Amino acid sequence: MPERHSLFWKLILGLALFCLLIVSMHLDLEQRVYDSMSTLSRDSRQELTAFGREAERAWRERGRSGLDEFLHDFYQREQVWVVAVDEHQQSLSSCPLSEEEALRLSFVRRLDQKVGRPGGQPVFYVPFSDGNGRLVMELPPRLDPRVDRPLWDFFLRSVLPACLAILLGTLLYRWLIGPLVILRRQANGLSAGDLSARVGPPVASRKDELGELGRAFDQMAERLQGTVVYQRRLLRDLSHELRTPLSRLRVASDGESDPQVLRQRLDREITIMQNLVENSLELAWLDSERPQFEREPIRLLQLWDMLVEDACFEAGWCRERMLFEADEECTVYANLTSLAQALENILRNAIRHSPPQGRVRLKGVLEGDCWHLCLVDDGPGIEERYLETIFEPFARLDSARPGDGGFGLGLSIARSAIALQDGRLWAQSPPGSGLQMHLLLPAAEVQAQTV
């Protein structure tokens, strides 16, 4: 069933209203036009009344001869049948009425009555002032209000529907085809390399299928632009980072004479470049492919114990310096591998920037259907303006937080991995406290889960 704002309902409603408009307008105009053509106009009635007064004057002043002369002149001028009769339907002129003429006197109309059906020749009468006679005549064609009826019929049955159809076509074009033209123009611009091409609010703000298409196009273009810009920057930064180990290799190969030392140097620099390339490719894969990870309930305490064990071995810390201060039943719904890698990167960053004998704490609280986790170190923290910068690739704030290694990719990979699991990762650095890394992950029911 189409949605409430679907184009289906809008088209149905629009066409129904258009049909009602045509029918209503046609009937209303037709009724008004035919009403105006069914009776004599004021000027026509006045002219016919003047004819009656003229015939009466000729009758009063010159009798039958004067009336005969008036009737002859009137016939010659108007070319219509005309007679003058008394109250007994007898001719006042010298020419008696024929049977056909006497019969026509039974179908005469007053001047204020309707003309009659199209095609007929209506007969009207004008009474004399004394009421003892009347002038009876066919309506002269020049005074017939129905003379323009064929033209009005053509207008109402052909011109008006055609104009309304053109109006409907214009409205449909502006309403339906116009957004498609905008979408086509922006799509051509995007295919030509204009990454800033967007359909904008005129289309994207609509609530129907065209609006959904416009918003999808803008989102696609936004993601494409972000991906292209991101990968260009990643490639630029990667090439910059690779220059350093390559330069050291060149210096070592030109100046080192001890094969054993040279072999160790080669092994170290190759490992650095390998890790750099692997991390860069993983970050590019997460950003461009946006994989759909399979997720499962994960007991955070078990995962934390595993990460702490590896971190203590790698950094030489004791377990007592890594505290788990969340609920032991804390269970999140995520992908085990990607979540473990993200937490490992965050934990390594915290250990790297913690002072001697510092501690790292993982806190957690249930907020609705999500677990809000917070990993806090005892380091010096960073300035607020750098809280988003640290998540950018190859970002290393040596002046703000002196470090001793890494490529600045760990937090970028962690944020991307968390985002692909419907989670969030952000940083805070309150005054007088270390860096706080906040994670918001979907909660899962408590289950026995082995990591």
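The coordinates are above.
Heads up: these notes are all about the structure in this document. Fair warning: this is a prediction, and the values are worked out from it, not measured in the lab.

1. What to know about a nonpolar patch on the surface
For step 1, the next point in the chain: Residues Y173, I177, L180 and L213 make up a contiguous nonpolar surface patch of about 340 Å² in total accessible area.
For step 2, the next point in the chain: Tallying contributions element by element places helix 4 (residues 149-191) first for the nonpolar patch, with three residues.
For step 3, the next point in the chain: Mapping I177 onto the fold places it in helix 4.

2. A word on the sheet that holds strand 6 (residues 322-325)
Adjacent strands of a sheet pair through backbone hydrogen bonds, lying either parallel or antiparallel.
For step 1, the next point in the chain: Read from one edge to the other, the open sheet built from five strands follows the order 6-8-9-11-10, with strand pairing classed as mixed. Looking at the sheet topology across the chains shown, the edges are occupied by strand 6 and strand 10 (424-428). When strand polarity is set aside, the average angle formed by the axes of neighbouring strands in this sheet is 20 degrees.
For step 2, the next point in the chain: Here helix 10 (residues 410-419) sits on the sheet in contact with strand 10 and strand 11 (436-442), set at roughly 135 degrees to strand 10.

3. Description of the pairing of strand 11
For step 1, the next point in the chain: A large share of strand 11 lies buried, amounting to seven of its seven residues.
For step 2, the next point in the chain: Side chains Q436, H438, L440 and P442 of strand 11 all project onto a buried face; the interleaved residues M437, L439 and L441 project onto the opposite face, where all are buried too.
For step 3, the next point in the chain: Of the strand pairs in this sheet, strand 9 (residues 370-377) and strand 11 are connected by seven bridges, and their pairing is antiparallel. Opposite L373, over in strand 11, you have L439 as the bridge partner.
For step 4, the next point in the chain: In this structure, strand 10 lies alongside strand 11, joined through five bridges in antiparallel fashion.

4. Examining the side chain of D377
For step 1, the next point in the chain: As for its position among the elements, D377 is in strand 9.
For step 2, the next point in the chain: For D377, a relative accessible area of 2% gives the class buried.
For step 3, the next point in the chain: Among the polar contacts listed, one links the side chain of D377 to the backbone nitrogen of G379, at a separation of 3.0 Å.
For step 4, the next point in the chain: Among the polar contacts listed, one links the side chain of D377 to the backbone nitrogen of L435, at a separation of 3.0 Å.

5. Quick look at the state of the cysteines
For step 1, the next point in the chain: Applying the stated criterion across every chain yields a total of zero disulfides.
For step 2, the next point in the chain: No disulfide involves C19; its sulfur sits 17 Å from the nearest other cysteine sulfur, which is in C163.

6. Side note on helix 4
For the α-helix, the turn length of 3.6 residues means that residues three or four positions removed from each other point alike.
For step 1, the next point in the chain: Helix length check: helix 4 (43 residues) gives 59 Å between terminal C-alpha atoms against 63 Å at 1.5 Å per residue, within 8%.
For step 2, the next point in the chain: G193 lies just past helix 4 and shows a positive phi near 110 degrees.

7. Quick look at the environment of L336
For step 1, the next point in the chain: Relative to the elements of secondary structure, L336 occurs in helix 9 (residues 336-352).
For step 2, the next point in the chain: Classification of L336 as partly exposed rests on a relative accessible area of 23%.
For step 3, the next point in the chain: Between the alpha carbons of L336 and Q89 there is a distance of 114 Å; along the sequence they are 247 residues apart.

8. Topic: the nonpolar core
The tendency in soluble globular proteins is for nonpolar side chains to be buried as a group.
For step 1, the next point in the chain: One finds W304 and L339 to be the most contacted residues of the largest nonpolar core, which totals 42 residues.
For step 2, the next point in the chain: For this core, the leading source of residues is helix 9, giving eight residues.
For step 3, the next point in the chain: The contact partners of L339, leaving out residues within four places of it in the chain, are I298, L303, V332, A334, I418, Q421 and L441.
For step 4, the next point in the chain: One finds A58, V80, F128 and L143 within the second-largest nonpolar core, a separate group that totals 22 residues.

Rules of the game
Residues numbered from 1 in each chain as written. Predicted model: local features only at pLDDT ≥ 70, side-chain atom pairs only at ≥ 80, totals over all residues. Heavy atoms only, no water. Patch = residues over 30% accessible without salt bridge, like charges linked within 9 Å, V, L, I, M, F, W, Y side chains within 5 Å. Areas by Shrake-Rupley, 256 points an atom, 1.4 Å probe, with all protein chains shown as cover. Salt bridge = Lys/Arg side-chain N within 4 Å of Asp/Glu carboxyl O. Helix = DSSP H or I, 4+ residues; strand = E, 2+ residues; numbered from the N terminus. Pairing = 2+ DSSP bridges. Axes fitted to C-alpha atoms, helices over the stretch in contact; angles between N-to-C directions. Contact = heavy atoms within 4.5 Å. Buried < 20%, exposed > 50% of the residue type's maximum accessible area, 1.4 Å probe, protein only. Polar contact = N/O pair within 3.5 Å; in protein donor to acceptor, adjacent residues only side chain to side chain. Disulfide = S-S within 2.5 Å. Expected span 1.5 Å × (residues − 1). Core = buried A, V, L, I, M, F, W, Y, C linked by side-chain atoms within 4.5 Å.

None of this, on its own, says anything about what the molecule does.
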